[in-house]
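Fold and geometry: a report
What follows is each chain in one-letter form.
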Amino acid sequence: MKILKKILIVLLVALVLIQFYRPEKNNAEYRDVASFEAETKPSPEMKAVLENNCYDCHSNKTEYPWYAEIAPISFVIADHVEEGAEHFNVSDWDAYTVKKKDHKLEELIEEVEEGEMPEKGYSLIHGKMTDKEKQELINWVKKARENYVVGDGIQ
C-alpha cells in the first residue's frame, strides 16, 4: 500500500509541474479564411459547418476551449491542431497552386467519406456532424473542385 501511495504522490506532483509548461498555441490575430471562402463560395450554412468542424484545426487561428489550458490535454490539442494545419490550412489557400488546391479538396472529400474527419475526439466534444451535413459538405466540395478543372485536366 505504501508503494501505491508514493506512486500517486509522484504522479500528482508531475501533474502539477507539467501545468507550468505550455505548448505553443495557434492563435493568429484573426482567422483568415476570406480567400478560401471567396474562391470556393460556401453558402452561409456551409460556412457554419466549416466553422464548427474544420477551421479550429485547419486555419491559422484556433478557438481553444477552456480545457485546452490543462496538461496533458493541452499537448494533445496542440498536436492535433499542428498536424491539421500541416495537412490542410485554409489560411494558406492563396499560397497553394491550382493543382494543390484541387488535391486538398479531393483529400477533404476522402477524409469525410471515410469518417476520418472531423476527428472522433473533436466530434465527441464539439458534436458530431450529421450524415446530412457530411453529404452537403461533400457535394459542396465537389462543386468547388470544378473551379480547378480546365479542359482535359487541372491547370
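Because the structure is predicted, anything quoted here is derived from the model rather than measured.

1. Looking at the overall build of the protein chain
- Scanning the protein chain from N- to C-terminus turns up seven helices and two strands.
- Going from N to C terminus, the protein chain has its helices and strands arranged as α-α-α-α-α-α-α-β-β.
- In terms of overall size, the protein chain is more extended than a compact globule, its C-alpha atoms giving a radius of gyration of 19 Å where 155 residues would be expected to give roughly 15 Å.
- Principal-axis analysis of the C-alpha atoms places the extent of the protein chain at approximately 75 × 30 × 25 Å.
- For the protein chain, buried positions account for 34% of its 155 residues.
- Long-range pairs, those at least 24 residues apart, make up 78% of the contacts in the protein chain between residues at least 6 apart in sequence.
- Total accessible area computed for the protein chain in this model is approximately 10300 Å², and 58% of it derives from carbon and sulfur atoms.
- Charge separation in the protein chain, taken as the distance between the mean sites of 20 positive and 30 negative side-chain charges, equals 7 Å.

2. Some remarks on the nonpolar core
- Formed by 22 residues in total, the largest nonpolar core has its most connected members in Phe 36, Leu 50 and Leu 137.
- Those elements that place two or more of their residues in this core are α3 (44-53), α5 (98-113) and α7 (131-145).
- For this core, the leading source of residues is α7, giving five residues.
- With residues up to four places along the chain from it excluded, the contact list for Leu 137 reads Met 46, Leu 50, Leu 108, Val 112 and Met 129.
- Listed in part, the five residues of the second largest apolar core include Tyr 67, Ala 68, Ile 77 and Val 81.

3. What about the packing of aromatic side chains?
- Following the criterion strictly, the structure yields seven aromatic pairs and no others.
- Taking 6.1 Å as the distance between ring centres and 80° as the angle between the ring planes, the aromatic pair formed by Phe 36 and Trp 140 counts as edge-to-face. With Phe 36 in helix α2 (residues 34-40) and Trp 140 in helix α7, the pair connects residues that are 104 residues apart, well separated along the chain.
- Look at Trp 93 and Tyr 96: their rings are 5.8 Å apart centre to centre, the planes differ by 65°, and that puts the pair in the edge-to-face class. Here the two residues Trp 93 and Tyr 96 agree in accessibility, since each one is buried.

4. What to know about the side chain of Ser 91
- For Ser 91, the location among the structural elements is in the loop between α4 (73-87) and α5.
- On the basis of relative accessible area, Ser 91 is assigned to the buried category, the value being 14%.
- Side-chain polar atoms of Ser 91 contact the backbone oxygen of Asp 32, separated by 3.1 Å.

5. As for a nonpolar patch on the surface
- A grouping of Ile 9, Leu 12, Val 13, Leu 15, Val 16, Leu 17, Ile 18 and Phe 20 is seen on the molecular surface, where their side chains present a nonpolar patch of about 770 Å² in accessible area.
- As for its placement among the helices and strands, Val 13 is situated in helix α1 (residues 2-18).

6. Let's talk about unusual backbone geometry
- A cis amide bond links Ala 71 to the next residue, Pro 72, at an omega of 5°.
- Among the secondary structure elements, Pro 72 is positioned in the loop between α3 and α4.
- Pro 118 follows Met 117 through a cis peptide bond whose omega is -10°.
- The residue Pro 118 is located in the loop between α5 and α6 (120-126) in this model.
- Phi is positive for Lys 41, close to 50°, though the residue is something other than glycine.
- Mapped onto the elements of the fold, Lys 41 is located in the loop between α2 and α3.

What counts as what
- Residue positions within a chain follow its written sequence, with the count starting from 1.
- Reporting in this predicted model follows two pLDDT cut-offs: at least 70 for local features of residues, and 80 or more for side-chain atom pairs to be given and counted; totals over whole chains, interfaces and linings ignore these cut-offs and use all residues.
- Each side-chain value is derived from all of the structure's non-hydrogen atoms; neither hydrogens nor water enter the calculation.
- Put simply, DSSP marks the helices as runs of H or I at least four residues long and the strands as runs of E at least two long, and each gets a number from the N terminus on.
- A radius of gyration in this sense is built from C-alpha atoms; the matching globule rule multiplies 2.2 Å by the number of residues raised to 0.38.
- We call a residue buried when its accessible area falls under 20% of the maximum for its residue type, exposed when it is over 50%, and partly exposed in between, using a 1.4 Å probe and counting protein chains only.
- Whether two residues are in contact is decided by their heavy atoms, any of which lying within 4.5 Å being enough.
- Every accessible area reported is derived by Shrake-Rupley at a probe size of 1.4 Å, with residue values counting cover from the shown protein chains alone.
- Working convention for charge: Lys and Arg count positive, Asp and Glu count negative, and His plus the chain ends are omitted.
- Taken as the charge centre is NZ of Lys, CZ of Arg, CG of Asp or CD of Glu, depending on the residue.
- Put simply, a nonpolar core is a bunch of buried Ala, Val, Leu, Ile, Met, Phe, Trp, Tyr and Cys residues held in one set by side-chain atoms that sit within 4.5 Å of each other.
- Pairing of aromatic rings covers Phe, Tyr and Trp, the last through its six-membered ring, and needs centres within 6.5 Å; plane angles under 30 degrees mean stacked, over 60 mean edge-to-face, and all others mean tilted.
- As used in this structure description, the phrase polar contact means that two N or O atoms lie within 3.5 Å; if the pair is within protein, one of them must be able to donate a hydrogen and the other to accept it, and residues adjacent in sequence are counted only when both atoms belong to side chains.
- For patch building, the residue pool is restricted to those with more than 30% relative accessible area and no salt bridge; the joining distance is 9 Å between like charges and 5 Å between nonpolar side chains (Val, Leu, Ile, Met, Phe, Trp, Tyr).
- Just to be clear on terms, a salt bridge is a Lys or Arg side-chain nitrogen sitting within 4 Å of an Asp or Glu carboxyl oxygen.

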